[in-house]
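This is what each chain is made of:
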Amino acid sequence: MIESILMKADTSACICDFDDPYDDYIVYCNMEIYGIPEDLPDIDKDDICRGSTEKAVKLGTVTGMLVLGSQAEKTDMDIYEICDSIDGYAEHIYSALSEDNGPLGYNPYYDFFCISDIEMQDEYNEDDLKLRIIESLPEFLLCAYHVFPDIIAVSPEPLEYEKPVLQEFKERMAVEIAAGNMDNFLVNLEQSNDEDDEDEVKLMLDEDQFNYLLGRRVKGESYPESAKDKEVWELYSRAGFYEHLNTRVLFQHCHDNCFE
């Protein structure tokens, strides 16, 4: 039996790039999770609590992204633009939770953590241990990265399913329209004799088509109910997570006064 769990994080130093500041607002997190066995002598438990993992057992690893909305607000940066520029998964989470009065629509500058993966060691791949890890994430993030998030979110991978025919058609149409625009641009460029011609490629796409083309989330679209991994969804439900609308994005407020 595991008496308690603790975390060891990779907090390697990073270089601040003033030419590409978006990286400053997303922290990639890698947290190794350890357990303290109940039958371990007190002296060994004390060593573990002081930072030694020699006698601890590794339970698994949590990876994800911490999006620092509160810092972006101070520097007047656009959070969606940051997520869209840096990571498609963060863009997906932000887009879903800002839709139709979602928590990030209410306040776009919350600090939020996107769970990418919880990978457990085979011998400790138990839902009860995963639940304890998920419930401890706010404290782990505060300890390792000095941020207590307002929201933790996850978009569970679906089971295998076939996309609706209409969705596949829309995706192909966006690609074909973009390819046609490019062909017209190249023809016009060849026919132009003006060396100073500053014509640009203009993509005649609506917002959804543009999102299809760039691989972004499209508002109102998600995988079907039948593709939900019931075990994963049940686990997050037990941890207090809720789905926002039908976005297939689950989230949890990390403190009671999140909306106050």
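Structure: see above.
Residues numbered from 1 in each chain as written. Predicted model: local features only at pLDDT ≥ 70, side-chain atom pairs only at ≥ 80, totals over all residues. Heavy atoms only, no water.

A. Examining the packing of aromatic side chains more closely. Going through the model one piece at a time under the given rule, you end up with three aromatic pairs. When the ring of tyrosine 80 is compared with that of tyrosine 94, the centres are 6.1 Å apart and the planes differ by 45°; the resulting orientation is tilted. With tyrosine 80 in helix α3 (residues 79-86) and tyrosine 94 in helix α4 (residues 88-97), the pair connects residues that are 14 residues apart, well separated along the chain. For tyrosine 80, a relative accessible area of 26% translates into the label partly exposed. (Phe/Tyr/Trp six-rings, centres within 6.5 Å; stacked < 30°, edge-to-face > 60°. Helix = DSSP H or I, 4+ residues; strand = E, 2+ residues; numbered from the N terminus. Buried < 20%, exposed > 50% of the residue type's maximum accessible area, 1.4 Å probe, protein only.)

B. Layout of the nonpolar core. Grouped together as the largest cluster of nonpolar side chains are 36 residues, with contacts concentrated most on Met31, Ile33 and Phe113. Looking at this core, the elements that each hand over two or more residues are β1 (2-9), β2 (26-37), β3 (57-68), β4 (111-120), α6 (127-145), β5 (151-154) and α9 (230-238). Counting residues per element, this core draws most heavily on α6, at nine residues. With residues up to four places along the chain from it excluded, the contact list for phenylalanine 113 reads Cys29, Met31, Thr63, Gly64, Met65, Leu66, Leu137, Leu141, Pro149, Ile151, Ile152 and Ala153. (Core = buried A, V, L, I, M, F, W, Y, C linked by side-chain atoms within 4.5 Å. Contact = heavy atoms within 4.5 Å.)

C. Molecular detail of the environment of aspartate 78. Mapped onto the elements, aspartate 78 comes out in the loop between α2 (69-74) and α3. Judged by relative accessible area, which is 42%, aspartate 78 ranks as partly exposed. Placed 56 residues apart in sequence, aspartate 78 and tyrosine 22 show a C-alpha to C-alpha distance of 9.7 Å. Within the structure, aspartate 78 has its side chain in polar contact with the backbone nitrogen of tyrosine 80 (distance 3.1 Å). A polar contact is formed between the side chain of aspartate 78 and the backbone nitrogen of glutamate 81, at a distance of 2.8 Å. (Polar contact = N/O pair within 3.5 Å; in protein donor to acceptor, adjacent residues only side chain to side chain.)

D. Highlighting the packing of α3 against α4. Closest axis-to-axis distance for the α3/α4 pair is 7 Å, and the angle between their directions is 150°. By the angle class used here, α3 and α4 are roughly antiparallel. Residue-level contacts link Ile79, Tyr80, Cys83 and Asp84 of α3 to Ala90, Glu91, Tyr94 and Ser95 of α4. Residue classes in the contact of α3 with α4 are distributed as five nonpolar, one polar and two charged. (Axes fitted to C-alpha atoms, helices over the stretch in contact; angles between N-to-C directions. Parallel < 35°, antiparallel > 145°, perpendicular 65-115°, else oblique. Nonpolar A, V, L, I, M, F, W, Y, C, P; charged D, E, K, R; others polar.)

E. The arrangement of the environment of lysine 55 in detail. Within the element layout of this structure, lysine 55 appears in the loop between α1 (42-49) and β3. Looking at lysine 55, the relative accessible area reads 42%, which means it is partly exposed. Considering only alpha carbons, one finds lysine 55 and isoleucine 36, 19 residues apart in sequence, at a separation of 8.0 Å. For lysine 55, the contacting residues outside a window of four places in its chain are Pro37, Leu40, Asp44 and Ile48. At 3.5 Å, the side chain of lysine 55 and the side chain of aspartate 44 are in polar contact.

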